[in-house]
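# A closer look at the structure
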Amino acid sequence: MLAAAAVCPCPPLLQPQVAAGAAAELAALRESCAAALDTLAETRPDRLVVLGPGAGAEPTPYPSGTPGSFRGFGAAVDVVLGSGTPAPGAAPLPASLAVGAWLLADHGWAACPVEGLAVGTGCPPARCAELGAGLAAGPSRTALLVLGDGSACRTVKAPGYLDERAAPFDALAAEALGTADTAALAGLDPVLAEELGAAGRAPWQVLAGAAAGAGLAGKLLYDEAPYGVGYFVAAWS
């Protein structure tokens, strides 16, 4: 069963050494992420699945102990997902899960074992729902740390330039995340999300599949678009 979920964005800039001089600009975002993780810990789950966007269309699991790094973003910072020892030659964490691993380490997460799952940004909504239902199945109390950004087209300086469809898309996503509206999340248009660069669409729809019927309530903790990208933080419990 799904006990709780925290929704956070996943820009590498969340890591202060990557952000460098811009680190202070995202201080409120980091504080909101920490508050969402507090909500997760308070529910005392049996396991935590860190869920974020990855490449391709199929999901890729990452066991506890998988390493990640921010070195590709100019910061000599290495992270590990949870604890444990990965298999020799294990693939490193994708950027989204590396951000999740850093958030957990910065929070001092020790509430339960951690594992990861990357979902391709092209994963169809029905498959996302199926994945979510699978994560929530079984007697163990599962929590999700769901990583993903909104549109990347909110301003002319945004990575995807300005698109007038971006603000309405983000408003719909923020409302759904803040109210734990699984139907609204499940109904997000994958084609529009791809056109707007909203990498959070697939992970959010996995969350919707996991939370369907769970009776969770949501609270929106952050809704801003620094750098023209929609960033949301929400806590479901």
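Quick notes on the rules
Residues numbered from 1 in each chain as written. Predicted model: local features only at pLDDT ≥ 70, side-chain atom pairs only at ≥ 80, totals over all residues. Heavy atoms only, no water. Helix = DSSP H or I, 4+ residues; strand = E, 2+ residues; numbered from the N terminus. Expected span 1.5 Å × (residues − 1). Buried < 20%, exposed > 50% of the residue type's maximum accessible area, 1.4 Å probe, protein only. Polar contact = N/O pair within 3.5 Å; in protein donor to acceptor, adjacent residues only side chain to side chain. Contact = heavy atoms within 4.5 Å. Pairing = 2+ DSSP bridges. Axes fitted to C-alpha atoms, helices over the stretch in contact; angles between N-to-C directions. Phe/Tyr/Trp six-rings, centres within 6.5 Å; stacked < 30°, edge-to-face > 60°. Parallel < 35°, antiparallel > 145°, perpendicular 65-115°, else oblique. Left-handed = near helix turned anticlockwise from the far one by under 90°. Nonpolar A, V, L, I, M, F, W, Y, C, P; charged D, E, K, R; others polar.

## Observations concerning helix 2 (residues 27–42)
The end-to-end C-alpha distance of helix 2 is 23 Å, a good match for the 22 Å that 16 residues give at a rise of 1.5 Å each. Here helix 2 has its buried residues at L29, R30, S32, C33, A36, L37, T39 and L40. Where helix 2 ends, the next residue or the one after it, R44, has phi of about 55°, a positive value.

## Digging into the side chain of Q15
By the element assignment, Q15 lies in the loop between strand 1 (2–8) and helix 1 (16–19). Judged by relative accessible area, which is 5%, Q15 ranks as buried. A distance of 2.7 Å separates a polar atom in the side chain of Q15 from the backbone nitrogen of Q17. Aside from chain neighbours lying at most four places away, what touches Q15 is R30, F70, V77 and W102.

## A closer look at the sheet that holds strand 7 (residues 142–147)
With mixed pairing, the 7 strands of this open sheet are ordered in space as 3-6-2-7-1-9-8. Of all the strands in the sheet, just strand 3 (60–62) and strand 8 (218–224) have a single pairing partner and so form its edges. Between one strand and the next, the sheet's axes are offset by a mean angle of 20°, whatever the strand orientation. For strand 1 and strand 7, the ladder comprises 6 bridges, and the chain directions are parallel. Counted as the bridge partner of L2 is T142 from strand 7. The strands touched by helix 3 (residues 95–107) within the sheet are strand 1, strand 2 (47–54), strand 3, strand 6 (114–120) and strand 7, with strand 2 carrying the most contacts at an inclination of about 145°. Running at roughly 170° to strand 6, helix 4 (residues 125–136) makes contact with strand 1, strand 2, strand 6 and strand 7 of the sheet.

## Overview of the packing of aromatic side chains
Within a pair of aromatic rings, the relevant descriptors are the distance that separates the centres and the angle that separates the planes. A complete count under the given rule lists 1 aromatic pair for this structure. Centre to centre, the rings of W204 and F232 are 5.9 Å apart; their planes meet at 55°, and the pair counts as tilted. Highlighted residues: W204 in helix 8 (residues 201–211) and F232 in strand 9 (residues 231–236), separated in sequence by 28 residues. Look at W204 and you get buried, because its relative accessible area is 0%.

## Details of the packing of helix 4 against helix 8
Helix 8 packs onto helix 4 with a crossing angle of 50° between their chain directions and a minimal axis gap of 6 Å. Overall, the two elements helix 4 and helix 8 adopt an arrangement that is oblique. Note that helix 4 runs across helix 8; the crossing there is right-handed. When helix 4 is examined against helix 8, the residues P125, C128, A129, L131, G132, A133, L135 and A136 are found in contact with a partner set consisting of R201, A202, Q205, V206, G209 and A210. Partitioned by chemical class, the residues of the contact of helix 4 with helix 8 number 10 nonpolar, 3 polar and 1 charged.

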